[in-house]
Amino acid sequence: MISVKNNRLFVGDVAASDLAKRFGTPAYVYDEETVRSKVRALFQGISYRPLKVYYAAKANTNLAILKIIREEGGQGIGIDAVSVGEIECALKAGFRPGQVIFTSTSVTDEEMKFAIAKKVLVNCDSLSQLERYGKLAPGSKVCFRVNPDVGAGHHGHVITGGPESKFGVWVDDVGRAFGIAAKYRLKIVGIHEHIGSGILETGKFLAAMKILLTIIDKHRDKFSDLEFVDFGGGIGVPYRPDQKQIDFKVFGSAVSTLFADFCRSFGKKLSLAIEPGRFIVAESGLLLCTVNTVKRTPAHKFVGVDTGFNHLIRPMAYGSYHPIIVAENCNGNAGEKKEKVAVCGNICESGDVFTRNEEGIADRELPPIKEGAVLAILVAGAYGFSMASTYNTRPRPPEILVSGRNAKIIRRKEDLAHVIYGM
Ligand code: LLP
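Residues numbered from 1 in each chain as written. Predicted model: local features only at pLDDT ≥ 70, side-chain atom pairs only at ≥ 80, totals over all residues. Heavy atoms only, no water.

Here we take up the packing of helix H6 (residues 127–136) against helix H7 (residues 174–183). At a minimum axis distance of 9 Å, the contact between H6 and H7 shows a crossing angle of 10 degrees. Comparing the axis directions of H6 and H7 gives the class roughly parallel. Listed contacts from H7 to Leu127, Leu130 and Glu131 of H6 are Arg176, Ala177, Ile180 and Lys183. Classifying every residue of the contact of H6 with H7 gives 4 nonpolar, no polar and 3 charged. (Axes fitted to C-alpha atoms, helices over the stretch in contact; angles between N-to-C directions. Helix = DSSP H or I, 4+ residues; strand = E, 2+ residues; numbered from the N terminus. Parallel < 35°, antiparallel > 145°, perpendicular 65-115°, else oblique. Contact = heavy atoms within 4.5 Å. Nonpolar A, V, L, I, M, F, W, Y, C, P; charged D, E, K, R; others polar.)

Structure follows, in structure tokens:
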């Protein structure tokens, strides 16, 4: 667990400041037990069986993390892969091809050929892809994605349903998919939707489930081969202090009841599939960094650290809030006054500020910070390292896994040879 003891931040049983000393900063650090507990929460919270949890690997593809998820999830776990690279990651982490689903967009024939050769199920994102898939693998099993004309998510960039979204077969075109499937003798074993990411209002997820189930019901005679319904990912986690965890007892039982009732009327016990990414890994991870500069303008006190949006782009890309904590003075010492500061990175753009919202810089109240202090940017296990870049020709940081008292490197820090072509 990630916790505060005696005003100090701990990952598992190791003080974050000790990790900073040992591995240097910046560094991504993950807590193994948190990942495991989130996988368990899904299987415990959703009682419907068979349940398939396809972890959306795009959130974090570190092989050590994938292996932990595979171990903890057992039979019901799998991988939602969006690229040839993610399919490779899944197979390298020990997932069987049958546990992987390939859900991408603007997909090439070469990518589909790769998935077919690896025996991975292809989830088609368009009628065009379905037609091309039919030509490449006639008579095989297939899944396709529907855009149900409803979307949700923490930011416009991650809402994936509705007419503004490029994803899926538009709801009114679903009928045309069956003609293509028949032409190539494809067996439609799965149908899929994913309405967006970072959903804390579970009502939206349930409403979208109902829409997809209504679509299946409308075309029920065409779904004789159906084995599973995949409702996508998107389950949110709290980032801001005013956000709460989803009540999984209530949500899980609503999902299970809805699907069980549907299967009864459909006359077949189908598998229920979901594709959480963020929910499994976000809270397990943090980005450790060190303050090297404190300076002022008339508007802000800037606290400059040795990482930036090259390593964690979420604040810059979506105005996302990430909790920030002073590793050795988490709550502030008695008698100290908190200060409003802007925590900024080392990338040469003004937008490179971790404490921001969509409008711009939003100062954060933190205990007094001196140069040399170690800070932890929390809830960074999902879409942190996986979205990191080498912008400004800066290498990417290492990834560290903490398991109780032990800490080990699960991805080495890059050096300049990784980022300078031809070096
Ligand atoms: N399934 C599909 C088809 C997806 O496109 C996604 C995410 C997921 C599952 C997993 O969604 P999750 O459970 O993690 O919300 N970079 C953004 C999030 C992008 C999500 C893209 N698709 C962020 O940092 O918020």
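Structure's up, so let's keep going.
Next up on the list: the nonpolar core. Counting 122 residues, the largest nonpolar core has Leu19, Ile216 and Leu375 as its most contacted members. Here this core spans two domains, since at least three of its residues come from each of domain 1 (2–29 + 282–421) and domain 2 (32–280). The next biggest cluster of nonpolar side chains, apart from the first, holds 7 residues, and it includes Leu121, Val189, Phe228 and Ala273. (Core = buried A, V, L, I, M, F, W, Y, C linked by side-chain atoms within 4.5 Å. Buried < 20%, exposed > 50% of the residue type's maximum accessible area, 1.4 Å probe, protein only. Domains from an automatic or database assignment.)

With that settled, the discussion passes to a nonpolar patch on the surface. On the surface, Leu416, Ile420 and Met423 cluster together into a nonpolar patch covering about 280 Å² of accessible area. Along the chain, Ile420 falls in the segment after helix H12 (416–419). Overall, Ile420 belongs to the partly exposed group, its relative accessible area being 34%. (Patch = residues over 30% accessible without salt bridge, like charges linked within 9 Å, V, L, I, M, F, W, Y side chains within 5 Å. Areas by Shrake-Rupley, 256 points an atom, 1.4 Å probe, with all protein chains shown as cover. Salt bridge = Lys/Arg side-chain N within 4 Å of Asp/Glu carboxyl O.)

Turning to the domain arrangement of the protein, a few remarks are in order. Each assigned domain of the protein is listed here: domain 1 (2–29 + 282–421) and domain 2 (32–280). Residue-level contacts link 24 residues of domain 1 with 25 residues of domain 2. Regarding the contact of domain 1 and domain 2, the summed buried area is about 2,000 Å², with carbon and sulfur atoms giving 53% of it. Connecting domain 1 to domain 2 are 1 salt bridge. One salt bridge in this structure joins Lys38 and Glu283, with 2.6 Å as the shortest N-O distance. When residues of the side of domain 1 that touches domain 2 are traced back to their parent elements, those giving at least two are helix H11 (314–318), strand S20 (399–403) and strand S21 (406–411). The element that contributes the greatest number of residues to the side of domain 1 that touches domain 2 is S20, accounting for 4 residues. Within the side of domain 1 that touches domain 2, the residues separate by chemical class into 12 nonpolar, 7 polar and 5 charged. (Buried area = accessible area lost by both parts, 1.4 Å probe.)

Pairing is antiparallel in the open sheet, where 3 strands are placed in the order S1-S2-S3. Where the open sheet ends on each side, the last strands, each with one partner, are strand S1 (2–5) and strand S3 (14–15). (Pairing = 2+ DSSP bridges.)

Moving on to the layout of surface pockets. The space that makes up the largest pocket amounts to roughly 610 Å³. Residue assignment for the lining of the largest pocket shows that the elements contributing at least two residues are helix H10 (278–281) and H11. Along the lines of polarity and charge, the residues of the lining of the largest pocket split into 10 nonpolar, 11 polar and 7 charged. Two domains each donate at least three residues to the lining of the largest pocket, and these are domain 1 (2–29 + 282–421) and domain 2 (32–280). Of the voids in this model, the second largest pocket is the one considered here, and its volume is about 340 Å³. As for the second largest pocket, its lining consists of 18 residues, of which Lys119, Val120, Leu121, Lys141 and Val189 are closest to the centre. Looking at the lining of the second largest pocket residue by residue, the class counts come to 11 nonpolar, 3 polar and 4 charged. (1 Å grid on protein atoms, 1.4 Å probe; cavity = no way out; pocket = protein on both sides within 12 Å on 5 of 7 lines; lining within 4 Å. Points joined across faces, edges and corners; volume = space filled by probe spheres on them.)

To continue, consider the pattern of salt bridges. Using the criterion set out here, one finds 23 salt bridges in the structure. A salt bridge links Arg36 to Glu71; the nearest nitrogen and oxygen atoms lie 2.8 Å apart. With Arg36 in helix H2 (residues 32–45) and Glu71 in helix H3 (residues 63–73), this residue pair connects regions lying 35 residues apart in the sequence. Residue class for Arg36 comes out buried when judged on its relative accessible area of 13%. Between Arg40 and Glu72 there is a salt bridge; the shortest N-O distance is 3.3 Å. Here Arg40 is found in helix H2, whereas its partner Glu72 is found in helix H3, with 32 residues between them in sequence. We classify Glu72 as partly exposed; its relative accessible area is 23%.

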